[in-house]
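# Structural features, examined
Each chain, written out:
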Amino acid sequence: MDGNGRWAAARGLPRTAGHSEGEENIARLVRVAVRRDIGWLTLFGFSTENWVRPRAEVRHILGLHEKLFGRIAELNDLNVRVQWIGRPFDAADARTPRYVQRAIRKAIADTSANTGMVLTIAFDYGGRRELCDAVERVRQWHLPMTPQSITDHLYLAELPPVDVMVRTSGERRVSNFLLWQSAGAAMRFTEKAWPEFDEHELERALALVT
Ligand code: FPP
């Protein structure tokens, strides 16, 4: 979800206003995706590298995660099940504050009976780290090192392979996002900043795979 900062700067607003609009856009896009009958929507909310941003910005983004994971009534109305993918909270170098952990756990529990779209938020997530952790676990259990055993030990083993990966705001590079799961995925790059990513943009991405 690149481009929140640039979206805000172009309007003479602080970067945090761009993130807030980004969070609102998630709520809008989830409604659109549900209407479009999408099974899985996974969003990169915060990476293992994002902690180095200015403290006030990090605090703001964390608050937005608390807000998003708190939209339980809305998500239940839409029959959306929430999931999270990221570095385990008890990892030695994990930094997720308890109030975010609580919001994540509550959203997962309170939407667990929903049978519609699965909305997965990547928080404190890094694709390379996920792969290292999976390999470590396969080793710990003395399992054969195969693509299947690694897949089975990713953070969220139920997450299916990615059909289409979208990157906003003119970024045309692969990021540290779902590296293993996105082998073979179609890629959609758009100039639109994340807050402007709308139904029309989603259709253009889906056109690559439908
Ligand atoms: C990248 O844009 C965006 C982020 C690092 C954070 C994404 C966060 C949100 C969309 C808001 C809240 C998200 C959730 C899941 C509640 P950038 O800050 O790098 O902007 P720039 O590329 O224009 O500098």
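Report on the accompanying structure. (Residues numbered from 1 in each chain as written. Predicted model: local features only at pLDDT ≥ 70, side-chain atom pairs only at ≥ 80, totals over all residues. Heavy atoms only, no water.)

### Side note on the overall build of the protein
Put simply, the rule is: Runs of H or I in DSSP of at least four residues are treated as helices and runs of E of at least two as strands, each being numbered from the N terminus. Only protein chains enter the accessibility calculation, which uses a 1.4 Å probe; a residue is then buried when its area is under 20% of its type maximum, exposed when over 50%, and partly exposed in between. In what follows, a contact means two residues having at least one pair of non-hydrogen atoms within 4.5 Å.
Of the regular secondary structure elements, the protein holds 8 helices and 5 strands. In the protein, the succession of α and β elements from N to C terminus is α-α-β-α-α-β-α-β-α-α-β-β-α. In terms of principal-axis extent, the alpha carbons of the protein reach across some 55 × 40 × 35 Å. Within the protein, the proportion of its 210 residues that are buried is 48%. Within the protein, contacts between residues at least 6 apart in sequence are counted, and of these 71% link residues at least 24 apart.

### A look at the site of the ligand
The cut-off we apply is this: Distances are taken per atom, and a residue is near a molecule or strand as soon as one of its heavy atoms is within 4 Å of it. Any N or O atom pair separated by 3.5 Å or less is treated as a polar contact, with the protein-specific requirement of one donor-capable and one acceptor-capable atom, and with residues adjacent in sequence counted only for side-chain atom pairs. The Shrake-Rupley method, run with a 1.4 Å probe sphere, supplies the accessible areas, and residue values consider only the shown protein chains as cover. Three classes are used, and their members are as follows: Ala, Val, Leu, Ile, Met, Phe, Trp, Tyr, Cys and Pro are nonpolar, Asp, Glu, Lys and Arg are charged, and the others, Gly among them, are polar.
Near the ligand you find 18 residues, and of these Gly5, Arg6, Arg15, His19 and Arg53 are the closest. Here an oxygen atom of the ligand and a backbone polar atom of Arg6 are 2.6 Å apart. One of the side-chain nitrogen or oxygen atoms of Arg53 is found 2.8 Å away from an oxygen atom of the ligand. Protein burial of the ligand: of its 610 Å² of free accessible surface, 92% is covered by the chains. Within the residue set of the shell around the ligand, elements represented by two or more residues are helix 1 (4-9), helix 2 (15-35) and helix 3 (55-69). Broken down by element, the shell around the ligand gets its largest block of residues, 4 residues, from helix 2. Considering only residue class, the shell around the ligand consists of 6 nonpolar, 7 polar and 5 charged.

### Some remarks on helix 3
Stated precisely, the cut-off is as follows: Given a helix with a known number of residues, its expected span is that number minus one, times 1.5 Å.
Taking 1.5 Å of rise per residue, 15 residues should cover 21 Å, and helix 3 covers 21 Å from first to last C-alpha, within 8% of that figure. In the core, the buried residues of helix 3 are packed alongside helix 2, strand 1 (40-47), helix 4 (72-77), strand 2 (81-85), helix 5 (98-110) and strand 3 (118-125).

### Quick look at the sheet that holds strand 1
For clarity, the cut-off: If DSSP finds at least two bridges between two strands, the strands pair. Each axis is a line fitted through C-alpha atoms, and for a helix only the stretch in contact is used; angles between axes span 0 to 180 degrees, taken between their N-to-C directions.
The parallel open sheet is built from 3 strands, whose spatial order is 1-3-2. Both outer strands of the open sheet, strand 1 and strand 2, are each paired with one neighbouring strand and no more. Sheet twist, expressed as the mean angle between neighbouring strand axes with direction ignored, is 20°. Inspection of the sheet shows strand 1 paired to strand 3 by 7 bridges, in the parallel sense. The residue of strand 3 that forms the bridge with Leu43 is Ile121.

### Details of helix 6 (residues 127-140)
Each full turn of the α-helix corresponds to 3.6 residues, which orients residues three or four apart in the same direction. Cut-off, in case you're wondering: By arc we mean the arc of the directions from the helix axis to the C-beta atoms, nothing more.
The end-to-end C-alpha distance of helix 6, which contains 14 residues, comes to 20 Å, matching closely the 20 Å that a straight helix rising 1.5 Å per residue would cover. All of the buried residues along helix 6 are Gly127, Glu130, Asp133, Ala134 and Val138. Buried positions in helix 6, seen along its axis, are confined to an arc of 135° and lie on one side of it. Turned more than 90 degrees off the buried face of helix 6, the exposed positions are Arg128, Arg139 and Gln140. Packing partners of the buried residues in helix 6 comprise strand 2, strand 3 and helix 7 (147-152). The positive-phi residue at the C-terminal boundary of helix 6 is His142, with phi of around 55°.

### What to know about the side chain of His153
Mapped onto the fold, His153 is located in the loop between helix 7 and strand 4 (164-167). Residue classification places His153 among the buried positions, given a relative accessible area of 17%. A distance of 2.8 Å separates the side chain of His153 from the backbone oxygen of Ser149, its partner in a polar contact. Leave out the neighbours within four places in its chain, and His153 touches Ala134, Arg137, Val138, Trp141 and Leu143.

### A closer look at the side chain of Gln181
With respect to the helices and strands, the residue Gln181 is situated in the loop between strand 4 and strand 5 (186-189). Excluding residues that lie within four positions of it along the chain, Gln181 makes contacts with Ile85, Tyr125, Glu130, Leu154, Leu159, Pro161 and Val162.

### Overview of the pattern of salt bridges
Applied cut-off: We define a salt bridge as a contact between a side-chain nitrogen of Lys or Arg and a carboxyl oxygen of Asp or Glu at a distance within 4 Å.
Under the definition given, this model contains 24 salt bridges. Linking Arg71 and Glu24 is a salt bridge whose minimum nitrogen-to-oxygen distance equals 3.7 Å. A residue pair is termed long-range when its members are at least 10 positions apart, and Arg71 in the loop between helix 3 and helix 4 and Glu24 in helix 2 qualify at 47 residues. Exposure remark for Glu24: the relative accessible area of 30% places this residue in the partly exposed category. Connected through salt bridges with shared partners, the residues Glu23, Glu24, Arg31, Lys67, Arg71 and Glu74 form a single ionic network.

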